[in-house]
Every structure is written in structure tokens, then in C-alpha cells.
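Given next are the chains, with one letter for each unit.
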Amino acid sequence: MPPSTASTRKRPATRTTPARPAADAAQLLAFYRRMLLIRRFEERTARAYTEARIGGYCHLNLGEEATVVGLMSALEPTDYVFTNYREHGYAIARGIEPRRVMAELYGRTDGVSRGWGGSMHMFDVAARFMGGYGIVGGQLPLATGAALAIDYRGGDEVVLCLMGDGTTNIGAFHESLNLAALWGLPIVYVVVNNGLGMGTTVDQSSAEPELYKRAAAYRMDSARVDGNDPAAVFAAAQAAIAGARAGRPFLLEATSGRLKGHSVVDPARYRAGDEVEVLRAADPVAALAARLLADGAVTGELLAELEAEVVAQVTDAAAFAEASPHPDVSTLFDYTYATPVPNDSRRLPGEALFPQPPRPVVPSRAGVRA
């Protein structure tokens, strides 16, 4: 009996990538500009949340800008992106207008999801940005299904599926990687490892804290990369995407610490003071600015000009969001389904589940003799 496909499949290449690959000054400056935009955008988002202009849950990419920009820069316009709920920076780096992203955060009609998605549920078909997902790991089966559809049609697109480190401990992670490896799907799974699943460290929640090594269970190629270096992330993502486009799925782990709590309202008291100082010292935005200055690629005056330009763009996005109208209540159910569905409910809160018959009129007893 011939050996199975799985038994003859090539063993995975589990490796770490170089910390600092070669990158020209123009590319690094472009990375810096996008990273700075995401940083100032997220800072303005945090401010707007405290001003009650943004409601609901809100998770920021502060500290993860190098990972965001490196990953998004490696994609083709025709490739697909699935994210988790920490998604603002990815939407911007994917090319969605900051105005539309901010308007969505404000819950306004000019937002990328017309105000109904908010922080965690942005979606843009034109950018092939297939949504943020509030359920931990909810995006993995959908992203894997999208990769299966591409393979079934014979397309050459790739799916990039993002997740946090905590997602690697749920069943959908293992099920998705297993199917992708069995069927040779064009997908790259990216674990953005910021060291904490909400407030629990990776060492306390994962028996194998080097998360990229988990791909070995599925004979899938994998790598770990320094998520604070956009050029390193870009190079690692390019290699992973090229392999996935040829039918070899990949697991990429980017180590990238977040500078703030899990969400806007999380004070992160579970962090010791020295840990916070280490994170601040590794700030990827400041580190790249210092690298550009040291290499003579920019001057302090140019960095100041970029700062003013980015701040003006973010201020404009906030003003645009503030001026955008709120969605009308009548549109609440307009985007529940992509196509009409029989008998779908459009009942508003407080309305009866079924139409109520008119109540009979009871004659008045006024003037009737006892």
C-alpha cells in the first residue's frame, strides 16, 4: 500500500528570521510615515473615547505599528485580509481612508461599515479587508474557507489571517491549520504575540510559548520575526506569502508588545513598572526615527514636517467623523444579510414579535342605569 501524502510531505522549516534585513532609505521612510500615521490616529482614537465620541469596545494598535505596516506592505491588492478586533491600524495600512476609519469608530454613516460596525467590525470589499471579529478565533475558519474558495477556483490570491497569541489555545486554531496543511491552501496565519492574552502572559497560558513551533504538528512551515522592525516583518511576510501562493500555508509569529492595556479602558495594572519601561524603550516608531537619523536618511526638520503633516491628517479625519451623520434607525437591518432572506426579523427593541390584532372597542357604560 503506497504511503499517505502526509507521511511523504516535506518536514516544516521552523526558523527565526534575521532581525534587520537590508532595506533602502526610501522604503524605511515610507514605513515610518505609515507607522506614524497609525500611532497618531490611535492616540486620537483614545482621546475621542474618553470624550464619549466613541462607544463600545475599542482596542488599539499602539506599539504594534511596525508589525502592522510590515505585514500589509507585503500583500498584493488582490489578496484578502481577515483580522481580529484590534484592527484600526490594519485598515489604514491596507489603504482605507483614515477619514472612513474614524467615522466608523464614531458610528457615523460615512464610516467604512456605514457606522454599524464600530471598532471591532470594519469591512471593505474593495480593499479585500474582510472584517474584524469580536469572537476570539472567529476569523480563522472563515479565512480558511476563503483560502479553500480561492484554491477551488484556481485563483492566485492569498489570505492573510491575523490573530493574537491567546487565539492559539482555542480549537479553531488547530482545526484551521490542520485543514490548510492537508489541502495545501493559500493562507498565511499570523500570530501577533504581544506577550499577553488580555492580562495573562503567554508563558502562563501556553505549554509551548514559542508559538510558531506549533506549526510542526501540521508539517507546516513557520517562522518567528521581530515585530518591532518593519523591514524584518516585511521580508518575513513576503517569504510566507510567496510560499502560500504556491500552495504551502505558513504560520508566522511576530513578537510585538502593546504599549497600553488590552483595551482603551484597561489600566494594565498587571504590568510591573520595569516591564513598562522596557516596552517604551523598544517603541518601534521612535526606534525607526532614530535609525533613519543615525543612517543620515532624514533630518530632524524632515521628521518634524512629517509629524505636522500626519497630525493634520488625523485632525482632519476626526473633524470629518464629527460632521458625518448618524445612521437612521430605519437602516438598522439593511446589512444583516448580503442577499434577501425570507422571514428575516426587522423587529426593533420593544416591538411585538408577531403582529398584534386590533383590540375590540368596548362601549362606554357612562349614562347606563344600574
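Residues numbered from 1 in each chain as written. Predicted model: local features only at pLDDT ≥ 70, side-chain atom pairs only at ≥ 80, totals over all residues. Heavy atoms only, no water.

(A) How the structure looks around the environment of Ala 352. One can find Ala 352 in the segment after helix H12 (300–323). Overall, the relative accessible area of 42% leaves Ala 352 in the partly exposed class. (Helix = DSSP H or I, 4+ residues; strand = E, 2+ residues; numbered from the N terminus. Buried < 20%, exposed > 50% of the residue type's maximum accessible area, 1.4 Å probe, protein only.)

(B) Structural detail: empty space enclosed by the protein. Scanning all chains against the criterion turns up two cavities of 30 Å³ or more. A volume near 40 Å³ is recorded for the largest cavity. Leu 60, Leu 62, Arg 86, Arg 258, Leu 259, Lys 260, Gly 261, Ser 263 and Val 264 together form the lining of the largest cavity. Residues that form the lining of the largest cavity fall into these classes: four nonpolar, two polar and three charged. Space inside the second largest cavity adds up to approximately 40 Å³. Taken together, Gly 63, Asn 228, Gly 257, Leu 259, Leu 279, Ala 282, Asp 283 and Pro 284 form the lining of the second largest cavity. (1 Å grid on protein atoms, 1.4 Å probe; cavity = no way out; pocket = protein on both sides within 12 Å on 5 of 7 lines; lining within 4 Å. Points joined across faces, edges and corners; volume = space filled by probe spheres on them. Nonpolar A, V, L, I, M, F, W, Y, C, P; charged D, E, K, R; others polar.)

(C) Here's a closer look at the layout of surface pockets. Size it by volume and the largest pocket reaches roughly 480 Å³. Considering only residue class, the lining of the largest pocket consists of nine nonpolar, eight polar and four charged. When its volume is computed, the second largest pocket comes out at roughly 370 Å³. Around the second largest pocket, the lining is made up of 25 residues, and of these Tyr 85, Gly 164, Asp 165, Gly 166 and Gly 197 lie nearest the centre. If one sorts the elements of the lining of the second largest pocket by residue count, strand E3 (residues 159–164) sits on top with three residues. Tallied by class, residues from the lining of the second largest pocket come to eight nonpolar, 13 polar and four charged.

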